[in-house]
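Per-entry structural report
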Amino acid sequence: MEVRAGAGPRCTGDGLRTAGPKSSGRAARVSAPPWARFSAWLECVCVVTFDLELGQALELVYPSDFRLTDKEKSSICYLSFPDSHSGCLGDTQFSFRMRQCGGHRSPWHADDQPYNSKAPMTLQVKDSSVKRGYFQKSLVLLSRLPFVRLFQSLLSLMAPEYFDKLAPCLEAVCNEIDQWPAPVPGETLNLPVMGVIIQVCIPSRVDKLEPSPPKHGDQENLRPAPMVLTSIHEPDLFRCFRPVLTHVQTLWELMLLGEPLVVLAPSPDVSSEMVLALTSCLQPLKFCCDFRPYFTIHDSEFKELTTRTQAPPNVVLGVTNPFFIKTLQHWPHILRIGEPKISGDLPKQIKLKKPSRLKTLDTKPGLYTAYTAHLHRDKALLKRLLKLPASLWQGVQKQRPWDVQSALLKRHLLELTQSFIIPLEHYMASLMPLQKSITPWKVGVWVFPPQRREDLVQTPPQIRPFHQDDFLHSLEHAGPQLTCVLKGDWLGLYRRFFKSPHFDGWYRQRHREMAQKLEALHLEAICEANIETWMKDKSEVEVVDLVLKLREKLVRAQGHQLPVKEATLHRAQLYIEMVIGSLPKDLQAVLCPP
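A quick note: this is a predicted structure, and the numbers were derived from the prediction, not measured. (Residues numbered from 1 in each chain as written. Predicted model: local features only at pLDDT ≥ 70, side-chain atom pairs only at ≥ 80, totals over all residues. Heavy atoms only, no water.)

Now for the nonpolar core. As a rule of thumb, nonpolar side chains are buried together in soluble globular proteins. Among the nonpolar cores identified, the biggest contains 68 residues, and F241, W252, L335, F420, L424 and F466 are the most heavily contacted of them. If you tally residues by element for this core, the top one is helix α13 (residues 402–430), at 10 residues. Here F241 is in contact with V248, M274, A277, L278, L409 and L413, once residues within four sequence places are set aside. One finds L150, I177, I202 and L229 within the second-largest nonpolar core, a separate group that totals 35 residues. (Core = buried A, V, L, I, M, F, W, Y, C linked by side-chain atoms within 4.5 Å. Buried < 20%, exposed > 50% of the residue type's maximum accessible area, 1.4 Å probe, protein only. Helix = DSSP H or I, 4+ residues; strand = E, 2+ residues; numbered from the N terminus. Contact = heavy atoms within 4.5 Å.)

Written as structure tokens, this is what we have:
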């Protein structure tokens, strides 16, 4: 969720109804069709204000018929403002995640974790007419999509206008978003809002490392010229990792192993950007652990995540309150980040420190961990990243642009992850049965009457089990050393990886994809076989079972759960009709009721 807080009129805008009465569940939208396109991008837009008497208060929700549970309202209110220790003045834009309490999932969203992303923009300004001395208000975008950079750009356009014109502006923007096309993976879209056209490319699983520049035809007819976002979900790695460049490989290993990590930053924007950068550095490997870009002591899961009665969970936690240093002292890895430099100079690189040096008060910046990296540093890369001219404007822009540095770091991390994953992919592929072993019909003696459906229907061969020792032995001649120059204890890294949530997530996904491929190949084998010859000596029970099995596969394939060609689906449907036509009329009536 993106949040922006800013100074604005202290009066509540007219024309927009606040969220409805408190409820224990999320009600279905009455007027779903008018907001169908809007809901493909955002759940709702919230305005949160700080009241001296009441504290954080949800001022309005738009669309007004969108329902939030009491728990969700409380989380949004507390997470929409910087912690009192942050000392943020002026505009602050950051992200946070919170657990959702029901509701449908967006079709695009592939994440299995029940969380919503939030993008708040908060503004805090001095105001002598207010007892507290400051006026605070936050504009929050609630979405299930991880398009953080898009929502940040959207908030940068929305927030100043909203704080000036209030409700009419918000209503107009939401109506414009309701006209946007659906976010289809791989599509380049032009999104008009507030007189600006934002051009984005929706990410997909087959994206290449570097985003391709927009085609000339995509922009030539657009007036005004669009604001092009090269990425709508990836953070600027070099900017986020500037204070930790010397330890970026250690942090990569910690993320790969799913280790619990606390990021203690001076402000929510620094905290959320660092957490998002850490969780994105494993691409193309899916990040399977929980992460909270910004977390406070008021979070509903505070006790669950800070308890000492069990081992710390596999979570990357972004915080700003120094109180967490004491509360989370038992966590194995704590990254303390100092105040960012205003100039373009590279900040002083933090040092690796032992957890015993972690002090409750006045903790200095550093990576507090007892973890020893398995791989050696890439000194050549560090030299290229760190040996920069003193000033951004005097040297870096002329010699090596900022985005080039980010692309360099991104490529290094991607190649490092690929070198680690490729041996696993090769070994997993070797567990796939040979295609010649996939036969359409079961060979052997039929059991009659059948005891199980499997006695009548040939099933695809099974994927062989993953044996960790066999894989480790294969690394001697097919390991990461073939694609990566880094030396180190690769075997030890793999052994620890096997215990992490990321191995479990990777293995389950690959096993599911391979099983679907086997089913698709089996369906193709049946469609290529001579079904009339097979039916000659078969009983009606066997023929009916074939119909049921083919129908089951056809339903799955048509639901895009099996990678099958359209021609194969058409042929399977013809086979079903032909087989049913050969059965007696009474069975036909059962299989094809009117």
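On we go.
Our focus in this paragraph is the packing of aromatic side chains. Evaluated as defined, the whole model comprises 24 aromatic pairs. Between F287 and F291, the ring centres sit 6.0 Å apart and the planes meet at 80 degrees, which makes this aromatic pair edge-to-face. Overall, the relative accessible area of 13% leaves F287 in the buried class. Through a chain of ring-to-ring contacts, the aromatic side chains of W252, F420, Y427, F466, F471, Y494, F497, F498, F503, W506 and Y507 assemble into a single cluster. (Phe/Tyr/Trp six-rings, centres within 6.5 Å; stacked < 30°, edge-to-face > 60°.)

Right, let's talk about the environment of L254 for a bit. Examined against the element boundaries, L254 turns out to sit in helix α7 (residues 248–256). A relative accessible area of 0% means that L254 is categorised as buried. Taking the C-alpha atoms as reference, L254 lies 8.6 Å from Y371; in sequence the two are 117 residues apart. Beyond its immediate stretch of four places on either side in the chain, L254 contacts E259, H333 and Y371.

What follows deals with the sheet that holds strand β10 (residues 227–228). The strands that make up a sheet pair up through hydrogen bonds in the backbone, lying either parallel or antiparallel. Across the sheet, three strands lie side by side as β8-β9-β10; this open sheet has mixed pairing. Each edge of the sheet is formed by a strand with only one pairing partner; in this case those strands are β8 (188–193) and β10. Relative to strand β9 (residues 196–201), β8 runs antiparallel, the two being bridged by six bridges. Bridge pairing in β9 links L189 to V200. Seen against the sheet, helix α3 (residues 148–165) touches β8, β9 and β10 and runs at an angle of roughly 175 degrees to β9. (Pairing = 2+ DSSP bridges. Axes fitted to C-alpha atoms, helices over the stretch in contact; angles between N-to-C directions.)

On to empty space enclosed by the protein, then. Any empty space left between atoms is shown by rolling a water-sized probe over those atoms. All chains considered together, the criterion is met by three cavities of 30 Å³ or more. By volume, the second largest cavity amounts to about 50 Å³. If you trace the second largest cavity, you find it lined by L245, T246, H247, V248, Q249, T250, R377, D378, L381 and L382. The element best represented in the lining of the second largest cavity is α7, accounting for three residues. Among the residues forming the lining of the second largest cavity, the class breakdown is four nonpolar, four polar and two charged. (1 Å grid on protein atoms, 1.4 Å probe; cavity = no way out; pocket = protein on both sides within 12 Å on 5 of 7 lines; lining within 4 Å. Points joined across faces, edges and corners; volume = space filled by probe spheres on them. Nonpolar A, V, L, I, M, F, W, Y, C, P; charged D, E, K, R; others polar.)

Attention shifts here to the sheet that holds strand β11 (residues 261–264). Spatially, the six strands line up as an open sheet ordered β12-β13-β11-β14-β16-β15, and their pairing is mixed. Each of the sheet's edge strands pairs with one partner strand only, and the pair in question is β12 (290–292) and β15 (352–353). The pairing of β12 with strand β13 (residues 315–319) spans three bridges and is parallel. Within β13, the position partnered with D290 by the bridge is V315.

To continue, consider helix α19 (residues 566–581). Over its 16 residues, α19 extends 23 Å from the first C-alpha to the last, a length consistent with the 22 Å expected when each residue adds 1.5 Å. Those residues of α19 that fall on the buried side of the exposure criterion are T568, L569, A572, Y575, I576, V579 and I580. End-on, the buried residues of α19 take up no more than an arc of 125 degrees, which puts them together on one face. The outward face of α19, more than 90 degrees from its buried face, is lined by the exposed residues E566, A567 and H570. Here the buried face of α19 lies against α16 (501–528), α17 (531–535), α18 (540–558) and α20 (585–591). (Expected span 1.5 Å × (residues − 1). Arc of directions from axis to C-beta.)

Scope: geometric values only; no functional claims are made or implied.
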